[in-house]
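As a plain string of letters, each chain reads:
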Amino acid sequence: VAEEGPDAKVRRQSNTKDLASAVTKKDGTAYAVIAGGSKVKFDLKVKEKEVMEEVKLEVKEEVKEKEGGSLLGCRPFSRAILTYEHSVRSTEHRESQAPDTKTDLTGLFTEKPQSGEVAVGENINFVAKVNAASLLKKPTIKWFKGKWMDLASKSGKNLQLKELYDRNSKVYTFEMQIIAAKPSFAGAYRCEVSSRDKFDSCNFDLTVHGGCPHTIQSLGEAGELDFSALLKKSASKSQVKSEPDEDVWEILQKAPASEYEKIAFQYGITDLRGMLKRLKKMKKEEKKSEAFLKKLDPAYQVEKGHKMKLCIEVANEDVDVKWLKNGQEIQSTGRYIFESVGNKRYLTINHCSLSDDATYTCVVGNEKCTTELFVKEPPVTITSHLEDQMVMKGERVELECEVSEEGATVKWEKDGVELTRDESFKYRFKKDGRKHVLIINEATKEDCGHYTVKTNGGESMAELMVSEKELEVYQNIADLTVKAKDEAVFKCEVSDETVKGIWYKNGVEVKADARTHITHIGRIHKLTIDDVKPEDQGDYTFVPEGYAFNLSAKLNFLEVKIDYVPRQDPPKIHLDCMGHTADSTIVVVAGNKLRLDVPITGDPAPTVVWTKGEKNVPSSPIPTGRRAAGDQGDGRLHVESTKGHCIFTIEGADKQDEGLYSVIVRNPAGEDKADINVKVVDAPDPPSAPRILSVGEDSCVVQWDPPKSDGGNPIIGYVLERKKKKSYRWMRLNFDPYTDTTYEAKRMIEGVEYEMRVYAVNAIGMSCHSAASQPFIPVAPTSEPVGLCVDDISDTTVSLKWRTPEHLGSSELDGYGVEYCKEADEWVPAFEGLTERTSVIIRDLPTGEKMQFRVRAYNMAGPSAPTSLAQAVTIREIMQKPKIWIPRNLRQTLIKKVEETINLVIPFQGKPRPVITWSKDGEHLNPKQVSVRNSDTDTILFIRKSERKDSGKYEVKLQIENVEDTASISIQIVDLPGSPEKLKIMDVWGFNVALEWKPPKDNGNCEITGYMVQKADKKTMEWYTVYELYRRTNCVVADLIMGNEYIFRIYAVNMVGLSLEPSLHLFICSSGFEYKPPTYKEHDFSEVPKFTHPLVSRSVIAGYNATLSCSVRGIPKPKVTWYKNKMDISNEAKYRMFSRQGVLTLEIRKPCSFDGGVYMCKAVNASGEDVVECKLEIRRKYP
């Protein structure tokens, strides 16, 4: 056991009880070795055997420094040995010497490094495995030799550290390989692994055979794994030496100094000098700290971002202290503030971060105290959650969330499985401040599922749905009947431009050659066969790649038999050969090519004329063996004539090409005519902008008008999209066409602004999108108003009042709607529009009717549920006795000054409206002086400028039929009093004069509260008040000067003030004798200056005004001088000095770092001087 101090005592305990010397079977239990404040536990197993052996349990513990807490790896170890008589097998005895590889309860290791043996010159590996499935951060591992040496710096030719990671099992493998082992490599090793707040460690041993460890050897070059120079190794564990039963320390304490060498030789002590030094220290008692009255606690904990304050108490108030962080001195900044209050010293750490998690030391002289500060990081919460998304296959997906702290680490999972950035880069993780985004570039059906983002403070889940868009066929391939040498064209059009396909003939894939051409342009796929031959006849099929359907058509070969035809053969149109009748309708998709191939016969060759309505399309007669073509307009129309055929072509047909086409063939033998109806179909026009009919808490009802044109095909449905107002991404709400023109959109977020748009769909395709709807916000209607009641009622009116709804939602309240109805009748609005008030008066109601009333609150979502009265109300005024309510301040006399305004508001009750009558002292009021205004609930008496004559008793009377109520109010109008009368001198003696006067005739309508007596020397005419608020009408004025002429005046005083004019009298004081004052010995009141409150050292922030204060006493008043660093600063503009009642203050305007130093205040008078000084420290404004 490594001792904590030289005088540490060791106790041996089992189950918290001291041990006895004998060992029995009952002793097989848990044991502990306690040395000072340290404690080590171990287990003892007792087995029976005939031969009893001696078991020695040896426990080693590190020596800790008292002040710093660092490990003393170089001190020699002393050992405390527990010896028991115990039977045990030799193999079990060797196993008891193996190190304990048990770890703490955190259990990060899945495989721990095991102890091993190796011969000199051979290699050995130690492997540790850690499962990182539950860790948010990559684990950190450290390898140690002994208790303190980190092996990371020793990696080289004798030591190699490796690290591997298995992505499938999420297991980290850490390996330490020792190459060409040496005897000095033997010893105890430790492996430590940590990840954020989790920690685990494991101990293991290495035994090297075939050599002896060196006692002293240098480390050599970097990479040499030689620790003998740093650690004093004892003999190998395999060489078990017998320990003496006697206590060597006790023997040395009792033995004389001459016997020390003999005892050392007898018991094999090699470090006798070191043992004697420690033996000497053991006899000394530990001294109490002289510098600290109160030290720091062993540890403190604070949350990240909060403030921490460390406090100590020192024995000497004037001593300076130093604060260290991890051994480095802390400089005063905005985050670290030093304070000194009496014998207390404070270190304040503002806005604690993870970098402040460290060891802090306070140093006072040669003593110090240490503490550990642990900064607790608050959990990271999710402030903006993930949203469910529905996308099409192949689209880009972005799942976005927002957390409470920037730079936080999050974990993404899909259906409970963590997502990582694999080699295919399918998932990408983006971090922008507090926003975290999971990106899937091309969504597939396998990406459907529930995605979860997790932090250490919460999680959020969203569902991703991926739909496959069905392939729509806009134009199918048609059967063809062609003749030899003609061209056969199969064409189809599908909805997806990216879809490829394969053409088959009778089940065999068609390959392109000189006669066969396969093209794919946009959504159109073509198979063209030139110079058709009989072997080209068959079934042709187009199969889109990735879809389980096909398009089929048949190619028929028409053999032309040449018979003898007379020269005069009338022309004939053979439309039936194409499978159509004369009045057939041909449908073509807008933008596609319209080709009308009409077989004709006739000899001589007939002339072909095409017409649409009454407009001709020119063509040429058919000369044998040549073609003729006619163009019209912009070149879209082509007419070709060949032998036996007349072909009419329109490139890129549009709506204006729709109509009835006629073909006329003529020759000298006659003519023939046929009509062909052509219909051009197209995608529909966009619908009108959608209208929002109503909104709910997370939904809305949208309506739109059908498009003006359906494109020639009936509308089969509509597709709707929505987006947030501030977003650019539209989200489709339905993938199957919706047939109605009213749709309810759901799963929206309340309080967020949205827009809607609509597409129309027919058999041809989808229209362009409509204009966006007006922005709207999904909100729920408010709850119903509460507390509806009748406030007042008359013969034709009802007054209602209520309170606002308890739940208003995220939308503002637009107002209230009030309705009424007779019993079993329809509800009628009480007024047009809404009211914002919570009370209303409904007028013009029928007298005597029973009416029911209700109120509804309106917001953007519409009206709330109504709240009604509990029962119907009969419209009839209720008789109420008149009653006057006199305010508390008017129940006693109201006193006002002259010309002040009087405004009396007297509330009352009574129905119907009472008759109100005012009177003063039993007489009617003068309307020119007094104004009276009455309402249904109060009456007001108003006097703009009051006069003395307005004083009196006012009475108000309410009368309803034969019932009345009266009340009275007393008003007193006061003014300044008049001047006192008949001021005269009643007597004169010595330096005194007796005055007497009479009260004024006018007291100002209130009591005279006193008199003010003043005197003035006629030479100076400066008035001095002798008496103020003097109650009597006579007085004596003393302390007059002989021979001077005096004037006296007296004012009357009441509650308003002094009288306007005084009463005056002139008097001359004559000198009758000479006055000789007595002589006294003057007393010496002088006093040496002394500071009663000294200056206090301070630490202030640069840029903010600072003050230094002290107090001094002395007679006569001392002269004060301020010094900085012994330099007089009295005339410097940066400093201001104040002195108030002995309190001295020095103000330093916006100090900087140069203003720090020693400030001194010196007080000097004729009796002596005194000095006081302090230190001023200027801290930087910003850290």
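Cut-offs and rules
Residues numbered from 1 in each chain as written. Predicted model: local features only at pLDDT ≥ 70, side-chain atom pairs only at ≥ 80, totals over all residues. Heavy atoms only, no water. UniProt positions renumbered as here; feature names shortened; annotations may be inferred. Helix = DSSP H or I, 4+ residues; strand = E, 2+ residues; numbered from the N terminus. Buried < 20%, exposed > 50% of the residue type's maximum accessible area, 1.4 Å probe, protein only. Contact = heavy atoms within 4.5 Å. Areas by Shrake-Rupley, 256 points an atom, 1.4 Å probe, with all protein chains shown as cover. Pairing = 2+ DSSP bridges. Patch = residues over 30% accessible without salt bridge, like charges linked within 9 Å, V, L, I, M, F, W, Y side chains within 5 Å. Salt bridge = Lys/Arg side-chain N within 4 Å of Asp/Glu carboxyl O. Lys, Arg positive; Asp, Glu negative; His and termini not counted. Charge placed at Lys NZ, Arg CZ, Asp CG, Glu CD. Arc of directions from axis to C-beta. Core = buried A, V, L, I, M, F, W, Y, C linked by side-chain atoms within 4.5 Å.

An unreviewed UniProt entry lists the chain under the name Myosin binding protein C3, from Oncorhynchus kisutch. The record in UniProt for the chain states the following under Sequence similarities (unreviewed entry): "Belongs to the immunoglobulin superfamily. MyBP family."

Undergrad: Please set out the overall build of the chain residue by residue, giving values where relevant.
TA: Each helix and strand in the chain was counted, giving four helices and 92 strands. Relative to its 1183 residues, the chain shows a buried fraction of 38%. Here the analysis covers contacts within the chain between residues at least 6 apart in sequence; of these, 62% occur between residues at least 24 apart. Accessible surface computed for the chain: about 69,900 Å², of which carbon and sulfur atoms make up 49%.

Undergrad: Lay out the sheet that holds strand β88 (residues 1127-1128) with the relevant residues and their values.
TA: Taken in spatial order, the five strands of this open sheet run β85-β92-β91-β87-β88, and their pairing is mixed. Two strands lie at the open edges of the sheet, namely β85 (1098-1101) and β88, each paired on one side alone. Pairing between strand β91 (residues 1157-1165) and strand β92 (residues 1168-1179): nine bridges, direction antiparallel. Bridge pairing in β92 links Met-1160 to Glu-1173.

Undergrad: Requested: an account of a positive patch on the surface, with residues and values cited.
TA: On the surface, a cluster of positive charge is made up of Lys-982, Lys-984, Lys-998 and Lys-1001. Relative to the helices and strands, Lys-984 resides in strand β77 (residues 981-989).

Undergrad: Account for the pattern of salt bridges, naming residues and giving values.
TA: A full pass over the atoms with the stated rule returns 42 salt bridges. The salt bridge partner of Glu-1007 is Arg-1031, with a shortest N-O separation of 3.9 Å. You can see Glu-1007 sitting in the loop between β78 (992-998) and β79 (1008-1017) and its partner Arg-1031 sitting in the loop between β80 (1023-1030) and β81 (1034-1037), a full 24 residues away along the chain. As far as the burial class goes, Glu-1007 and Arg-1031 line up, both exposed. The network of salt bridges with shared partners includes Lys-325, Arg-335 and Asp-356.

Undergrad: I'd like a rundown of helix α3 (residues 260-267), residues and numbers included.
TA: Every buried residue of α3 is accounted for by Tyr-260, Ile-263 and Ala-264. Down the axis, α3 shows its buried residues gathered within 100 degrees of arc, on one side only. Of the residues in α3, the exposed ones pointing more than 90 degrees away from the buried face are Glu-261, Lys-262, Phe-265 and Gln-266.

Undergrad: Pulling in residues and values, what's your account of the nonpolar core?
TA: Counting residues in each nonpolar core, the largest one holds 26 residues, and the members touching the most others are Phe-126, Trp-143, Met-176, Ile-178, Tyr-189 and Leu-206. At the level of elements, β9 (124-131), β10 (140-145), β13 (171-178), β14 (187-195) and β15 (198-209) are the ones that each hand at least two residues to this core.

Undergrad: Describe the side chain of Arg-856, with residues and values.
TA: Within the element layout of this structure, Arg-856 appears in strand β64 (residues 850-859). The contacts of Arg-856, once residues within four sequence positions are left out, are Pro-785, Gly-815, Tyr-816, Gly-817, Glu-819, Pro-863, Ser-864, Ala-865 and Pro-866.

Undergrad: Provide a residue-level description of the pairing of strand β82 (residues 1045-1054), including the pertinent values.
TA: With nine of 10 residues buried, β82 is to be regarded as a mostly interior element. In this sheet, β82 lies alongside β79 in antiparallel orientation, the contact comprising nine bridges. Paired with Met-1012 across the strands is Tyr-1051, a residue of β82.

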